[in-house]
There are 2 protein chains.
Amino acid sequence: MNKPHQVTIKDIARTLGISASTVSRALKDHPDISAETKRQVQQLASSVNYRPNTLALGLRKSKTNTIGIVIPEIVHHFFSTVISGIDDVAYNAGYNTMLCQTNESEERERSSIQNMIDMRIDGFLISVSKNTTQFDHLTNLATDGIPVVFFDRVCEGLPSNRVITDDFEGARIATRHLISQGCKRIAHLTSASSLIISKQRRDGYTTALREAGLEVNPDYIIEADSREAIIANSDKLITIAPEIDGLFAINDSTAITAIQLLQRNGYNIPRDIAVIGFGDGPLTEIVSPTLSTVEQKGYEMGAEAMRMLIRQMESGIINTEYETRVFTPILQPRESTRRL
Amino acid sequence: MNKPHQVTIKDIARTLGISASTVSRALKDHPDISAETKRQVQQLASSVNYRPNTLALGLRKSKTNTIGIVIPEIVHHFFSTVISGIDDVAYNAGYNTMLCQTNESEERERSSIQNMIDMRIDGFLISVSKNTTQFDHLTNLATDGIPVVFFDRVCEGLPSNRVITDDFEGARIATRHLISQGCKRIAHLTSASSLIISKQRRDGYTTALREAGLEVNPDYIIEADSREAIIANSDKLITIAPEIDGLFAINDSTAITAIQLLQRNGYNIPRDIAVIGFGDGPLTEIVSPTLSTVEQKGYEMGAEAMRMLIRQMESGIINTEYETRVFTPILQPRESTRRL
DNA sequence: GCTTGTTGCGGTAACGTTTGCGGTGATTGT
DNA sequence: ACAATCACCGCAAACGTTACCGCAACAAGC
């Protein structure tokens, strides 16, 4: 059983003894076509289950109704919720989504984007890789007139549409919360300084300390942003553990791993050291003690990014005005910081 | 700044004063073309950054080098790892991936698949929705000659390519493990009976009980497959809690929620009731007690499914022979079942 | 000299769709 | 009765690419 020929407009035209253009117009209710002809065409079309060939359409109109998602890692609660939000909005608006994970590789980011350009994607939703150092493939999108919305991991310096969380403010809120619980010597687990979000969160952290008249100790800032990184750098954390009474981690899983490490070393959380995370995955209520964090709405961010992209694509105007939507994270205090 | 015209083969032909067919052949090193012409064409092509138009190619060859992923929910650790595996293999093989989540809706499953057919996707990777009751849209794929590999949630009765976990055996292993720890009255948290996987797991559970000479008590089988479902059915679980000494949950998050519920009601895990889950997400080592489970290799399953699909697509032969790859889950005993 | 073969390239059609233009036959207006 | 209007439809080109066929030029073989 070989590939059965998908029925085309020409087939309909042939069996009805009319021209392809008439069929095309009849299908889209063009006023030039008589009611009778329309009826015949539409009936036959639906009875043979005619479906327009999207490739031909895309070729003709240079519009594919497809958008590309470029994301560092799919297996990440935050990112997967973002994708989910994107996909739901896209589906309801009649767009298809192409997905590429870069695995934090710049080279893969470049080639994936190029692939999608080759497929004549209508627009991009991008969260840039941690290791991307050259940004020409991203700036080129703008000069090529392809609409882009960056989310979460945006591209510094490049004017663009953005959907981000207020990382600075979120970190400030988190740190302030620790201070309000009586912490005075607060450490911070951070990520690669190349990422804007980690810089912002660090700034929020130091700002909150200064505002409270507390000293910023560089030894208290450790670069570790994952379960693995904590384990690899456990000695650093253990070294400062006796001195500190608070810990702000750049994300939840890092916070949780730190808590487990500290607990195993005899520290009581939150009595000895209060710990707060960032992101609010599904983990926070499952661990013991439950993890305080600042909530990041991934689904909403994805949905909003998709809506923004649709606006950009459908406005027709490119490159004129950029939008930025900032989501302010919300403090979710739980047991891991309850000291009062 | 309007859309800059993407450079085409015709453009190259025009500036070089040769025909489009020559350019096309020169680009793919056709023997008919002289070395000199090839050199000129290839040099110009790369200097103006020529990229073939995938839509035109797809239209011409009815092959898009794109595959479609249809999945119930993205925000699910297991599924996101599967997607990750798919995407990595696809990327390395030069395929693009289109993604659709059905949100467990049959209607959305149908229309997403139809959308992707309209885009002339080369093949499908599908995990069917929980609520799908009619399967014609899936059987049609076979008659349309479109290669499909089902993974995890396969389509019963429909002969097809499959990548699955041995749910029966996994459940049997899990239940046996509870028995080996001295449990005699073991309850089971299950999912919608329409899903093959839940039926298989239930069968594995009852089989293990019977093999050990233990009685199967229908009251001990509760339909609850998520955090929310447990909370909604908490009274049922609490009712049987005094009688049971073991619990096998259909997935990890259900197991964890059950543990928390039981703990709040004064039960000690694993002393009073030993609990085991299924799936091995990232949660198992984070909770206290750490959760015993049977490990499901999502990434490998995705990768294998993609490889199988590639074989099917590139063999050219459709519909002749179907493959099935079964992954046997591995017991991961942790604290939640340690009674001996 | 004529055939045969080779090398290198161009023309055309085709994939499926849309669209501007034009053309037919019939109806209307004067 | 003649032009103007109208309703309805077909032609052909175009989107970018490739496969098939063919053709010119030139070399070689007899």
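Everything discussed here concerns the structure shown above.
All of these numbers come straight from a predicted model, not from anything done at the bench.

Rules and cut-offs
Residues numbered from 1 in each chain as written. Chains lettered and ligands numbered in written order. Predicted model: local features only at pLDDT ≥ 70, side-chain atom pairs only at ≥ 80, totals over all residues. Heavy atoms only, no water. Helix = DSSP H or I, 4+ residues; strand = E, 2+ residues; numbered from the N terminus. Rg over C-alpha atoms; globule rule 2.2 N^0.38 Å. Buried < 20%, exposed > 50% of the residue type's maximum accessible area, 1.4 Å probe, protein only. Pairing = 2+ DSSP bridges. Axes fitted to C-alpha atoms, helices over the stretch in contact; angles between N-to-C directions. Right-handed = clockwise from strand over helix to strand, strands pointing away. Near = heavy atom within 4 Å. Nonpolar A, V, L, I, M, F, W, Y, C, P; charged D, E, K, R; others polar. Core = buried A, V, L, I, M, F, W, Y, C linked by side-chain atoms within 4.5 Å. Contact = heavy atoms within 4.5 Å. Buried area = accessible area lost by both parts, 1.4 Å probe. Salt bridge = Lys/Arg side-chain N within 4 Å of Asp/Glu carboxyl O. Polar contact = N/O pair within 3.5 Å; in protein donor to acceptor, adjacent residues only side chain to side chain.

Caption draft 1: The arrangement of the overall build of chain A in detail. Per the secondary structure count, chain A includes 13 helices and twelve strands. Taken over C-alpha atoms, the radius of gyration comes to 26 Å for chain A, far larger than the 20 Å a tight globule of 340 residues would show. The C-alpha extent of chain A, read off along each of the three principal axes, is 90 × 40 × 35 Å. For chain A, buried positions account for 55% of its 340 residues.

Caption draft 2: The arrangement of the sheet that holds strand S6 (residues 186–190) of chain B in detail. All names here are of chain B. Strand order in the open sheet formed by four strands is S7-S6-S8-S9, with parallel pairing between adjacent strands. The sheet is open, and its two borders are formed by strand S7 (221–223) and strand S9 (274–276), each paired with just one other strand. Here the average twist between neighbouring strands, direction ignored, is 15°. In the sheet, S6 pairs with S7 via three bridges, with the strands oriented parallel.

Caption draft 3: Quick look at the pairing of strand S8 (residues 246–249) of chain A. All names here are of chain A. Of the two faces of S8, the one holding Gly246 and Phe248 and the one holding Leu247 and Ala249 are both buried throughout. Pairing analysis gives four bridges linking strand S6 (residues 186–190) to S8, with the strands arranged parallel. Among the inter-strand pairings, His188 is bridged to a residue of S8, identified as Phe248. Judged from the three bridges that link them, S8 and strand S9 (residues 274–276) form a sheet pairing that is parallel. Among the inter-strand pairings, Phe248 is bridged to a residue of S9, identified as Ile276. A crossover links S8 with its parallel partner S9, the connecting element being helix H12 (residues 252–264), and its sense is right-handed.

Caption draft 4: Here's a closer look at the protein's contact with DNA strand C. Around DNA strand C sit 27 residues in total, of which A:Ile9, A:Tyr50, A:Arg60, B:Thr22 and B:Thr37 are the nearest. Put simply, 63% of the atoms of DNA strand C that lie within 4 Å of the protein are in sugar or phosphate. The set of elements that each furnish at least two residues to the surface near DNA strand C consists of helix H1 (9–16), helix H2 (20–27) and helix H4 (54–61) of chain A together with helix H2 (20–27) and helix H4 (54–61) of chain B. Its residues assigned to classes, the surface near DNA strand C comprises eight nonpolar, eleven polar and eight charged.

Caption draft 5: The arrangement of the nonpolar core in detail. If you look at the biggest cluster of nonpolar residues, it comprises 82 residues, and the most contacted ones within it are A:Ile273 and B:Ile273. Residues contacting B:Ile273, with those up to four places away along its chain left out, are B:Ala241, B:Ile244, B:Asp245, B:Gly246, B:Leu247, B:Leu262, B:Tyr267, B:Asn268 and B:Arg339. Counting 52 residues, the second largest nonpolar core, distinct from the first, contains A:Val163, B:Phe78, B:Ile83 and B:Val149.

Caption draft 6: Focus on the interface of chain B and chain A. On the side of chain A, 52 residues touch chain B, which itself brings 52 residues to the contact. Together, the buried faces of chain B and chain A total about 5,100 Å²; carbon and sulfur atoms form 54% of this surface. Summed over the three residues of chain B that lose the most area to chain A, namely B:Leu55, B:Tyr91 and B:Ile286, the buried surface amounts to 15% of that side. Counting the contacts that link chain B with chain A gives six salt bridges. Note that A:Asp118 and B:Arg51 form a salt bridge whose closest N and O atoms lie 2.4 Å from each other. Linking chain B with chain A are 26 residue pairs in polar contact (both at pLDDT 80 or more). When the residues that make up the side of chain B that touches chain A are grouped by side-chain class, the tally is 19 nonpolar, 22 polar and eleven charged.

Caption draft 7: Geometry of the pattern of salt bridges. Residues and elements named next belong to chain A. This structure, assessed with the given rule, holds 44 salt bridges over all chains. Put simply, Asp122 and Lys63 hold a salt bridge, and the shortest N to O gap is 3.3 Å. Note that Asp122 is positioned in the loop between helix H6 (106–118) and strand S3 (123–126) and Lys63 in the loop between H4 and strand S1 (66–71), a separation of 59 residues in sequence. Overall, the relative accessible area of 10% leaves Asp122 in the buried class. On the basis of relative accessibility, which here comes to 38%, the residue Lys63 falls in the partly exposed class. Through salt bridges with shared partners, a single network forms among Glu304, Arg307, Arg311, Glu323 and Arg325.

Caption draft 8: Spatial organisation of helix H1 (residues 9–16) of chain B. Residue and element names in this part refer to chain B. Listed as buried for H1 are Ile9, Asp11, Ile12 and Ala13. Packed against the buried residues of H1 are H2 and helix H3 (35–47). Between the side-chain oxygen at the start of H1 and the backbone nitrogen of Lys10 there is a gap of 3.1 Å, and the oxygen is on Thr8. After H1 finishes, the residue Gly17 shows a positive phi value of roughly 70°.

Purely geometric numbers; function is a separate question.
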